[in-house]
Amino acid sequence: MTPGGARDELEVDALRTDRYLEALLAAHDRRAADTPSDGALDPAVRTAATQLTRQLVRVHPSFRFEDRLGGRLAELARTMRLAPAAGGGVVPVVFPYRGPRPGPVVQLRAPDGELDPRDLRPYLIGGALTSAALSLAGAAWVAWRRARPVRISPMARAVRAAREVRLVQRLS
Amino acid sequence: MRRPVLGMGGGAEARRATVSPLDRDRPLVEAARREPARFDALYRRYLAQVYSYAFYELRDHHDAEDVTERTFLAALANLDRFEERARPEDGADASTFRVWLFRIARNAVANHRRDRRRHPVAPLEAAAGIPAAVDVEGDASRGDEAAAAWRAVDRLPADRRRAVVLRFVEEMSTTEIAAVLGRSEGAVRVLLHRALRSVGRDLRGDRA
């Protein structure tokens, strides 16, 4: 037999095996008692297919592992939801400043009663996905620090008052 | 769920008619893309399959867990890169989510083996340990049969063994196995045929 002929024969046998497996596995899925028959099929192939269908079973991991990995995936999913805001360094997250202002008198107001631009402080939370949580914590800390009433010494209060008086004089 | 393979004759039209669209996970994938937490449904659906594949490849529960974990974390993190290829004629990379997932798993297994070669920690368990682990009924003769079957499978070259596991354990079609292994369907059919022939001869020899 020529090499080409042998190859063709192998491919035909392989195709026959493939069809037999399809029928066998389908019967196994249906839990059918009858198994398909193909007289031309190599008996060794039939033996192996029957045995492997019965013996090679699917293995399930422990439920403990399943839950643990499920938890890790949920954690990753949460991080991914935060990522559009935190990642890429292009989307600013705005923390409105609502705390009391230090210093006694002067407030700069925008014309037409618009919101004071200083009241909106953009914080860029950028960087790697893994550092998103740290960045959020850092931003929250900065916002808290800014909002917190500051106790200043009499000397510092005097310096600040003098600076604000100068600022008012310059603007008027 | 069984999946049909290509019909044997009748040209392109007949083939189109006999190939089922490989897109049954589309709703779940789209949901997970919109809301990553919904990936959980895909995870529950394929956990046992990926774990089994890893376990039959590595023959160690801890290693299989490690590979399974890497596979699903990588799949979720890269879900946006997954491209559904509904039909095999779309190209050599024709893929469903499951095929894509198993390709990740295959790479994870390969990486794991490479790491183990660099940093060996313990010898692989004996192949005969596998049937004992999965023989839930504890029947002795059935256990013997399972052990003999696994020994025969274990003696196969790696590519044939992999094809056998994907066919019999994961119940993948020839089309899907070809996509996972990066081989043609014809090559996969020949791999399986040769694998079964040698396993069958081995089993008959065992029995004799």
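Student: Account for the overall build of chain A, with residues named and values stated.
Tutor: Within chain A, the regular secondary structure consists of five helices and two strands. Starting at the N terminus, the α and β elements of chain A follow one another as α-α-α-β-β-α-α. Per-residue burial over chain A gives 13% buried out of 172 residues.

Student: Tell me about the overall build of chain B, residues and numbers included.
Tutor: Broken down by element type, chain B carries ten helices and zero strands. Sequence-ordered secondary structure for chain B, helices as α and strands as β, is α-α-α-α-α-α-α-α-α-α. Counting every position in chain B, which comprises 208 residues, the buried fraction comes to 40%.

Student: Before we move on, can you summarise the packing of helix 3 (residues 39–58) of chain B against helix 4 (residues 61–77) of chain B with the specific residues and values?
Tutor: All names here are of chain B. For the pair helix 3 and helix 4, the least separation of the axes is 8 Å and the interaxial angle reads 140°. The orientation of helix 3 relative to helix 4 falls into the category oblique. In the crossing of helix 3 with helix 4, the sense of the turn from one axis to the other is right-handed. In this structure, helix 3 contributes F39, Y43, V50, Y51, A54, F55 and L58 to the contact, and helix 4 contributes H61, D63, A64, V67, T68, T71, F72 and L76. For the contact of helix 3 with helix 4, the class distribution of residues is eleven nonpolar, three polar and one charged.

Student: Any chance you could break down the confidence of the model for chain A for me, citing the residues and the numbers?
Tutor: All names here are of chain A. Per-chain confidence: chain A averages 69 in pLDDT, with 56% of residues scoring 70 or above. Looking over chain A, one finds the lowest element-wise mean pLDDT in strand 2 (residues 120–124), namely 38, and the highest in helix 2 (residues 43–55), namely 89. Confidence drops under pLDDT 50 across residues 87–133; counting only partners more than four residues distant or on other chains, this segment forms 62 contacts.

Student: Hey, could you go over the nonpolar core for me, with residue numbers and the actual values?
Tutor: All names here are of chain B. Counting residues in each nonpolar core, the largest one holds 62 residues, and the members touching the most others are A54, A105, A149, V164 and V199. Ranked by residue count, the leading element in this core is helix 3, at eleven residues. Look past the residues within four positions of A54 in its chain and what remains in contact with it is A64, V67, T68, A105 and V109.

Student: An account of the packing of helix 2 (residues 26–34) of chain B against helix 3 of chain B is needed here, citing residue identities and associated values.
Tutor: All names here are of chain B. Between helix 2 and helix 3, the shortest axis-to-axis distance is 7 Å and the interhelical angle comes to 135°. As summarised for this structure, helix 2 and helix 3 are arranged oblique, according to the angle between their axes. Seen from helix 2, the contacting residues are L28, V29 and A32; seen from helix 3, they are F39, A41 and L42. Here the residues of the contact of helix 2 with helix 3 are counted per class, giving six nonpolar, no polar and no charged.

Student: Lay out unusual backbone geometry with the relevant residues and their values.
Tutor: All names here are of chain B. The backbone of R59 sits at a positive phi, close to 60°, despite the residue not being glycine. Summarising the element assignment, R59 is placed in the loop between helix 3 and helix 4. One non-glycine residue, E171, adopts positive backbone phi at about 55°. Turning to its location among the elements, E171 is positioned in the loop between helix 8 (158–169) and helix 9 (174–181).

Student: Which residues make up the environment of B:R161, and what are the values?
Tutor: Residue and element names in this part refer to chain B. Mapped onto the elements, R161 comes out in helix 8. Classification of R161 as partly exposed rests on a count of 18 C-beta atoms within 10 Å. Between the C-alpha atom of R161 and that of Y56, which follows or precedes it by 105 residues, the distance is 9.3 Å. If near-sequence neighbours (up to four positions away) are discounted, R161 is found in contact with V153 and L156.

Student: Quick rundown of the confidence of the model for chain B? Include the residues and the values.
Tutor: Residues and elements named next belong to chain B. Predicted confidence across chain B gives a mean pLDDT of 78, with 70% of residues reaching 70 or more. Element-level mean pLDDT values for chain B span from 44 in helix 1 (residues 11–18) up to 95 in helix 4. Ignoring residues within four places in sequence, the model shows residues 1–21, a span with pLDDT below 50, making 29 contacts including any to other chains. Contacts for the low-pLDDT stretch residues 90–94, under 50 throughout, to residues beyond four places or in other chains number eight contacts.

What counts, and at which threshold
All residue numbers refer to positions counted from 1 along the written sequence of the respective chain. As they are written, the chains are lettered A onward and the ligands numbered 1 onward, keeping that order. For a predicted model such as this one, the threshold for reporting local features is a pLDDT of at least 70, and the threshold for listing and counting side-chain atom pairs is 80 or more; totals across whole chains, interfaces and linings nevertheless cover every residue. Strands here mean DSSP runs of E at least two residues long; helices mean DSSP runs of H or I at least four residues long; both are numbered from the N terminus. Residues are called buried when their C-beta atom has 20 or more other C-beta atoms within 10 Å, exposed when it has 12 or fewer, and partly exposed otherwise; all C-beta atoms are positioned from the backbone. An axis is simply a line fitted to the C-alpha atoms; with a helix, the fit covers only the stretch in contact. Between two such axes, the angle follows the N-to-C directions and lies from 0 to 180 degrees. Should an angle fall under 35 degrees it is called roughly parallel, over 145 degrees roughly antiparallel, and 65 to 115 degrees roughly perpendicular, with every other angle called oblique. A clockwise turn of the near helix away from the far one marks a right-handed crossing, whereas an anticlockwise turn of less than a right angle marks a left-handed crossing. We call two residues in contact when the distance between their C-beta atoms, placed using the backbone, is within 7 Å. When residue character is reported, Ala, Val, Leu, Ile, Met, Phe, Trp, Tyr, Cys and Pro are called nonpolar, Asp, Glu, Lys and Arg charged, and the others, Gly included, polar. The predictor reports its confidence for every residue as pLDDT, a score running from 0 up to 100. The term nonpolar core refers to a set of buried Ala, Val, Leu, Ile, Met, Phe, Trp, Tyr and Cys residues connected through C-beta atoms within 7 Å.

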